[in-house]
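Architecture and fold: a report
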Amino acid sequence: MHIDSVEQARNAGEQLHHFHGGLHLRHNKKISCETPLAQVPLPPLLFVPLLQQYGGEAEATVETGQKVLKGNEIGCFTHLGGGCVHAPTSGTVTAVIHRAISHPSGADGCCIVIEPDGLDRWEELEPIPNWPDADPALLREKIRNSGIVGLGGAVFPTAFKTDDAARQGIHTLILNGAECEPYISCDEMLMREQADSIVLGARVLLRATGATRTIIAIEDQMGAVNQALKQAVKSAGDDRIEIIKVTTIYPEGGEKQLIQVLTGLEVPSGGWPVDLGLLCQNVATATAVARAVVEGKPLLERIVTVTGNGIRKPRNLVARIGTPISDLVEQCGGYANDVARLVLGGPMMGYALNSDANPVIKATNGILALTARDIRPLQAEMPCIRCGECARVCPAVLLPQQLNWLIRNEQWDDAAEHGLADCIECGCCDFVCPSHIPLVSWFRFGKSELHALAIERKQAETAKRRYEAREARLLRIQHERRQQLEEKKQALRGASGKRKKLAEAISRARQDRKQ
Amino acid sequence: MGGLSGLGLGWAACRFHIESDPVLERIEALLPQTQCGQCNYPGCRPYAEALANGDAAVNQCPPGGEAGIRALADLLGIEPMPFDPGNGEEKPKTVARIDELACIGCTLCIQACPVDAILGATKQMHTVIESECTGCDLCLPPCPVDCIEKVIRYPDVDDWRWSIPRPTASGATMAANEILPAGQH
Ligand code: SF4
Ligand code: SF4
Ligand code: SF4
């Protein structure tokens, strides 16, 4: 990365910029922000999936019948800096089973089933009370062991990012409170009600990564949030933390888009914010960091928005990981009579949920129940008319119509070259396409094909290498055998030569004697 | 002496690589590297060579499947042809697994494996390194006690893929009237 860019990134927030495209969408957040946060009671059984983080399933570390305390590690995940899974309450592990988890495939995943004992007893907590003076590496280790992942929905292990930030050196921490997805308001409620813990998390992250300032980015229409955060920063008395309001244009809360708004710089394709000296974390992730370091508590619960016209009393709830989604819906007064579709996440980036018996996971930011009149009517797909609307709104500056065509024709390398991997699946192109082409569905399909192809190619490459190594070895052995054979023959021939000379000498001697 | 000749071979391989034919390289890159021999050549490289010389047809590799035929035809600038059933059929990807209790440690499978994916020594139990196994099945026939079986590699949630969108699939669920009138900028 260019030194200039890093310098420019230092001035993040001084002036606001724009990203390409985007949409002004109706927010629909108000309906779920009118009731304060509440805790979901303990369900009779918790189903804690081991697939809770980007990069794969964790490995179970408990067995059926084992007693666990709240906060005990029940699943271990070591890739990408780690992101373990912990028991959300105390009780007994009654089973380790495969069942439906909240995954777009509707596929089954491994779940630890815990029957709560009702006592909600914590394991012995090990907070780091002197964190402002503690070794930053110690703080990062705590983050690593507390199962913290990006709570904005990407569930990327936070430790990977903080370790990387500390290693490469960053100047600015950006806390992302620009929750742009319509209907979803879990971050907004968090910032209103727990602003202090966000500010605390920011300070812990500053210590852990060595950054010198924090920007908390919020949307310009979040009035109450601004008030609460300002108050929290004031009472913390930390002048390294600044609140910046960004214009509400979907998807300004995307990591790359937010960075572009704050710095005017684009994170290069395949690059990371850390290349610009930045670390971007969701506000809820910051509270999880504060809780882990200051209180010693791993990540066991999250705020979930339960909303939409299909829910009687929409609101935000604090739910333990593993709580069945139906329990949350029940606490919100149940479904309205005309509910038609259940979506996990928001209307732009979420996906249809096959069952409300599925458990809440770390990625569950919202449950959206829509009625028929909220849903875009299914319309027959028409051929692309090359109107270019999709390219005009694409925040990643891609050519969706082109990508669509390449994917349908299985031109994977060309699709990759056209930046398929940079698509953030925001849904803008899909939304505006007059021909009703399900563009995002094609891009999701294309991205997973590219991913699978990359794995296949890597496997083929390994197989080829091993095959060549074996061929070379066989050839060498054959060569050596031939050489040995040759040497033996030589030796034999050499020996017969000597014998001949000897015989000649003898016969000469005999003749000499005769003469 | 062995070391020296090995060195010579290494050098030859390097030279070979530099001088080798780019078309051949590109053909080889399209082959699945299963090294199973179903194409009637002793490996993917020999098949690639035959293709480059025009001695083989593009429809002889079962693991490559239809997609492989299309890619090869595309590269060689010919019409894709249907698969030749004489070479076998496209099957789901499998890996070999040795019943370690039944294995007598004869080393025959090790000798058959084209990618050195089997570990073991004489009179000792053998085992397949699953991540290296290409599923070529070449180790199955030589085993005198039939203790090797092939198992299908089932995809789990970790390597699950999105399916081809249905014509009526829709990414964004949001109703179209939700866009603000002042709207797009
Ligand atoms: S918006 Fe739809 S119709 Fe217009 S160019 Fe893009 S894909 Fe084609
Ligand atoms: S879904 Fe992808 S291609 Fe479509 S607008 Fe968003 S980033 Fe661009
Ligand atoms: S049939 Fe087997 S050996 Fe021949 S090219 Fe295909 S994978 Fe390689």
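Thresholds applied
- Residues numbered from 1 in each chain as written.
- Chains lettered and ligands numbered in written order.
- Predicted model: local features only at pLDDT ≥ 70, side-chain atom pairs only at ≥ 80, totals over all residues.
- Near = placed C-beta within 6 Å.
- Helix = DSSP H or I, 4+ residues; strand = E, 2+ residues; numbered from the N terminus.
- Nonpolar A, V, L, I, M, F, W, Y, C, P; charged D, E, K, R; others polar.
- Domains from an automatic or database assignment.
- Pairing = 2+ DSSP bridges.
- Axes fitted to C-alpha atoms, helices over the stretch in contact; angles between N-to-C directions.
- Parallel < 35°, antiparallel > 145°, perpendicular 65-115°, else oblique.
- Left-handed = near helix turned anticlockwise from the far one by under 90°.
- Contact = placed C-beta atoms within 7 Å.

All names here are of chain A. Looking at ligand 2, there are 16 residues lining it, with Cys394, Ala396, Cys423, Cys426 and Cys429 nearest. It is helix H14 (residues 439–514) that contributes the most residues to the shell around ligand 2, three residues altogether. Tallied by class, residues from the shell around ligand 2 come to 14 nonpolar, one polar and one charged.

On to the site of ligand 1, then. As a matter of local geometry, ligand 1 sits amid 14 residues, with Cys384, Cys387, Cys390, Gln401 and Cys433 of chain A nearest to it. Residues of the shell around ligand 1, tallied by class, amount to eight nonpolar, four polar and two charged.

Residues and elements named next belong to chain B. Split by domain assignment, chain B resolves into domain 1 (15–87) and domain 2 (92–155). The straight-line distance from the C-alpha centre of domain 1 to that of domain 2 is 26 Å. Among the residues making up the side of domain 1 that touches domain 2, the classes are represented as one nonpolar, five polar and no charged.

Moving on, we get to the pairing of strand S15 (residues 339–344) of chain A. Residues and elements named next belong to chain A. The sheet contact formed by S15 and strand S17 (residues 366–371) spans five bridges and is antiparallel. Of the residues in S17, the one forming a bridge with Val343 is Leu368. Here S15 folds back onto strand S16 (residues 351–352) in antiparallel fashion, the turn holding six residues, of which Gly345 has a positive phi close to 95°.

All names here are of chain B. Between helix H2 (residues 22–30) and helix H4 (residues 65–76), the least distance of the axes is 10 Å, while the angle of their chain directions is 165°. By the angle between their axes, H2 is roughly antiparallel relative to H4. For the pair H2 and H4, the sense of crossing is right-handed. Along its contact with H2, which presents Arg26, Ile27 and Leu30, the element H4 presents Gly68, Ala71, Leu72 and Leu75. In terms of residue class, the contact of H2 with H4 is made up of five nonpolar, one polar and one charged.

Among the structural elements, Ile361 of chain A can be located in the loop between S16 and S17. Once residues within four sequence positions are removed from consideration, Ile361 of chain A is found in contact with Pro49, Gln52, Ile101, Ser102 and Ile321 of chain A.

What follows deals with the domain arrangement of chain A. Size of an interface: often given as the accessible area lost when the parts come together. Residue and element names in this part refer to chain A. Examined at the domain level, chain A breaks down into domain 1 (3–320) and domain 2 (384–515). Of note, the centres of domain 1 and domain 2, computed from C-alpha atoms alone, are 41 Å apart. With nine residues of domain 1 in contact, the opposing surface of domain 2 contributes eleven residues. Its residues assigned to classes, the side of domain 1 that touches domain 2 comprises three nonpolar, six polar and no charged.

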